[in-house]
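Survey of secondary and tertiary structure
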Amino acid sequence: MAFNHLPAGVHDALAPLSVKPVTDSVPMAKNHRPDHPQPDTASRPSPEAVLHRLASGPSRSARITHTEHLPPRAGRHAVWPDRIRSEVIAAVRARGIEHPWAHQALAAEHALDGDSVVVATGTASGKSLAYLMPVLSALLDGSEAPNGRGATALYLSPTKALAADQCRAVRELAEPLGNAVRPAVYDGDTPFEEREWVRQYANYVLTNPDMLHRGILPSHPRWASFLKSLKYVVIDECHTYRGVFGSHVAQVLRRLRRLCARYGASPVFLLASATAAEPSVAARRLTGLPVVEVADDASPRGELVFALWEPPLTELHGEKGAPVRRTATAETADLLTDLTVQGVRSVAFVRSRRGAELISVIAQERLAEVDRSLVRRVAAYRGGYLPEERRALERALHSGELLGLAATTALELGVDVSGLDAVVIAGYPGTRASLWQQAGRAGRSGQGALAVLVARDDPLDTYLVHHPEALFDRPVESTVLDPDNPYVLAPHLCAAAAEIPLTEADLELFGPVSADVLTQLEAAKLLRRRTRAWHWTRRERAADLTDIRGTGGPPVQIVEEGTGRLLGTVDAEAAHSAVHEGAVHLHQGRTYLVRSLDLKDSVALVEQADPPYTTAARDTTSISVLETETEIPWGSGRLCLGSVEVTNQVVSFLRRRLITGEVMGETKLDLPPRTLRTRAVWWTVTEDQLDEARINPEILGGALHAAEHASIGMLPLFATCDRWDIGGVSVPLHPDTLLPTVFVYDGHPGGAGFAERAFHTARAWLTATREAIASCECEAGCPSCIQSPKCGNGNEPLHKRGAVRLLTTLLREAPEEAGSGPDGAGAEAPGEPG
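In this report, we go over the structure that sits alongside the text. (Residues numbered from 1 in each chain as written. Predicted model: local features only at pLDDT ≥ 70, side-chain atom pairs only at ≥ 80, totals over all residues. Heavy atoms only, no water.)

**Section: the nonpolar core**
Counting residues in hydrophobic clusters, the biggest one holds 88 residues, and the most contacted among them are Phe 306, Trp 436, Trp 683, Leu 717 and Trp 765. The greatest single-element share of this core, amounting to nine residues, is contributed by helix α23 (residues 697–714). Not counting residues up to four positions away in its chain, the partners in contact with Trp 683 are Arg 638, Leu 639, Ala 707, Pro 740, Thr 741, Val 742, Leu 766, Leu 806, Leu 807 and Leu 810. (Core = buried A, V, L, I, M, F, W, Y, C linked by side-chain atoms within 4.5 Å. Buried < 20%, exposed > 50% of the residue type's maximum accessible area, 1.4 Å probe, protein only. Helix = DSSP H or I, 4+ residues; strand = E, 2+ residues; numbered from the N terminus. Contact = heavy atoms within 4.5 Å.)

Below, the structure written as structure tokens:
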């Protein structure tokens, strides 16, 4: 029987800087954005006062497990390089920015020298201005060129919202430059009648990697004039390009470089990233080019008060009688309500679309009891909304019409939400980089800010709120991506061949495994070699072979059955668990029940309803070893890394009461299984180790299962992934290893680098796992340590003490080097721990 779980340096940034400034210190002046005036902060309550009010209710203060005070920091100025056009400098000064911060000037200097550069500094540190100055100066130079169009620039962002926000900012900043700068957004929301104008006349095109992959590169002859003149490529929020998505984007950029070279251009890449470990290494893997690093943050910061908040235990009991904490969703909704009543402008970040909708609905209901005029000042913001809905919410944020917003990570990125006083984070977001990115949304104009991390009832969150040093005393993670993943590389080689036939000279650009992959593509008759080049042989578009977001197919459309109205979409890989028949779907505060899911036509029909519950899918998983690539002895057991095949099937769903999370019942489902070839890390134990750990056959399955759940829950601290990106399986006797085995695998075809990072940090990872289980106050296991709400086996069997003894024995014999690999941070599975 297999027990499974499937995937459904801040202190450095805030410390005194060593770069020699032009001025030793300056007042806390706004520099980071060119499009909003400095707000009046004099009347705003201090973050300590806001936190005191939140904690003043009955039993509220006991929920704060730790408070970290990050002091304000003065900024240090420099001067712009003399090669920046004086008109551009004058336009910036007209926005109230007299001098750049030292890191902005340094980044601009590198760009003007023709060096690709990554600016990896804290939130609101002025990264946009660092790359805009050389870009605008080049566009102004190009406008005076006698031979036509002059220089062009391309801006890439991971989200449409960020591109739209940046376009507004550039238009305002460049207004004094007249027609020399012509910015325009070109993405899926751009009307077709506007697209031809963008191609012909825009010289600063803002788009996303998806449109570059599907729209611009396949149609490169129509973009020839633009590509021929391409001077700069800006890659904003580049730390988000990790895992499979990042690997796809890396190959899209190589295709862009190849086409630019054919048109005679060699653009300089300007990358902006949140604070990250080794940003130049990640930027080089992303672009394939040498990249200079600018990571010494010279911008000022207001005071940040960061509270860790643990919801209280309830009188309810979960599976096997385990104690249940109040949900992070309910707790966050309460905090957002209280902040709104106080007039504190806030965003609550939520991991899921459903969670964002739930929090906004609960907050609106509670605000109605206090002051009905406040109800309209709270809303939800998430992916899957129609373009006009997103734009309306963004305008309401900018205007201050909204006081509170429950948002997914769509707003984690650089969309300007200046003026926020507080951020509430509903559950650890998967990496320390994301945590600080979200916390940095508040206080963006120099004022003090409050951030609150509300723990979910799971092993990692519980560990973090009781081990604040894991958040505040450790650097942020490296970015993990693998451009050489053959599952990623193959469709991009096809797309490149369709754009311009591939030659052997191109293989160096696409990486060391491209020659082998080309051979396989030839054998599959996707590419055909004629003389010295490989050609695309099919009638269909090669760019349609892959979705770079790794969603595994076209998105499923969610359609209201009675009206035929399109409500939104859900990724194909999430459809089985998110919009199965009987699932509860939330959209814009309204609740819908899924009546049918048509996988062939990618349509889910829903009807409006008001059930008193939410739904959560359950699944089963089996795994087989295809190849063991690396293994290390752990005493008589072994730690392994290799390729596996995973078979998963969603088999049922639970109905859970709103707010309490109490299970009301389970309904069977009949959905087809799905297979996945990927990479995994696994560890085995022997009979001698089981004897030493006092693990008998009766508790073996429960001990392994409990260790698997907890280890998946803790992996976010050690592998730069999201918890939805990985899965796990535990087996008392696996047919391939012939031993008791625990697997943790990447939830993407071909792998994403997460299992490899887990392998290299295994000693530290499993040590933290053991501590998380052993330190939990429960008697036999609970959601805070070994239980999972998405376990395909209904959390049966589990044995808490057996898992602790098993991990103790395993770690006693672990070699020192087993945990000495590169650090990272990340997460869990295409589902919760299971």
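**Let's talk about the pattern of salt bridges**
Between side chains of opposite charge, pairing is possible as soon as their charged atoms come close. Applying the stated criterion across every chain, the model contains 34 salt bridges. For the salt bridge of Arg 258 with Asp 506, the shortest nitrogen-to-oxygen distance reads 3.1 Å. With Arg 258 in helix α10 (residues 243–262) and Asp 506 in the loop between β18 (502–503) and α19 (507–510), the pair connects residues that are 248 residues apart, well separated along the chain. Taking the relative accessible area as the measure of exposure, Arg 258 reaches 3% and is therefore buried. Residue Asp 544 pairs with Arg 541 through a salt bridge whose shortest N-O separation is 3.3 Å. Given a relative accessible area of 43%, Asp 544 falls into the partly exposed group. When its relative accessible area of 38% is taken as the criterion, Arg 541 is described as partly exposed. In this structure, a network of salt bridges that share partners links the residues Arg 63, Arg 326, Glu 331, Asp 334 and Arg 366. (Salt bridge = Lys/Arg side-chain N within 4 Å of Asp/Glu carboxyl O.)

**Brief notes about the pairing of strand β25 (residues 603–608)**
Sheet topology places strand β21 (residues 556–560) next to β25; four bridges connect them, and they run parallel. Bridge assignment links Ile 558 to a residue of β25, and that residue is Ala 604. With six bridges connecting them, strand β24 (residues 590–598) and β25 associate as antiparallel partners. From the neighbouring strand, Asp 598 faces β25, where its bridge partner is Val 603. (Pairing = 2+ DSSP bridges.)

**Looking at the sheet that holds strand β8 (residues 268–273)**
Across a sheet, paired strands are connected by hydrogen bonds in the backbone, their directions being either parallel or antiparallel. One open sheet holds the seven strands; their spatial order is β5-β6-β4-β7-β8-β3-β9, and the pairing between them is parallel. With partners counted over all chains shown, the strands left at the sheet margins are β5 (183–185) and β9 (292–294), one partner each. The average angle at which neighbouring strand axes cross in this sheet is 15 degrees, direction not considered. Across three bridges, the pairing between strand β3 (residues 117–120) and β9 is parallel. Bridging from a neighbouring strand, Val 118 pairs with Glu 293 of β9. Running at roughly 175 degrees to strand β7 (residues 230–235), α10 makes contact with β4 (152–156), β7 and β8 of the sheet. (Axes fitted to C-alpha atoms, helices over the stretch in contact; angles between N-to-C directions.)

**Some thoughts on the packing of α10 against helix α18 (residues 486–499)**
Orientation of α10 relative to α18, taken along the N-to-C sense of each, is 20 degrees, at an axis distance of 10 Å. Considered as vectors, α10 and α18 are oriented roughly parallel to each other. By crossing handedness, the relation of α10 to α18 is classed as right-handed. Two secondary-structure elements touch here, α10 through Val 244, Ser 247, His 248, Gln 251, Val 252, Arg 255, Arg 258 and Leu 259 and α18 through Val 488, Leu 489, His 492, Ala 495, Ala 496 and Glu 499. Of the residues belonging to the contact of α10 with α18, the class tally is seven nonpolar, four polar and three charged. (Parallel < 35°, antiparallel > 145°, perpendicular 65-115°, else oblique. Left-handed = near helix turned anticlockwise from the far one by under 90°. Nonpolar A, V, L, I, M, F, W, Y, C, P; charged D, E, K, R; others polar.)

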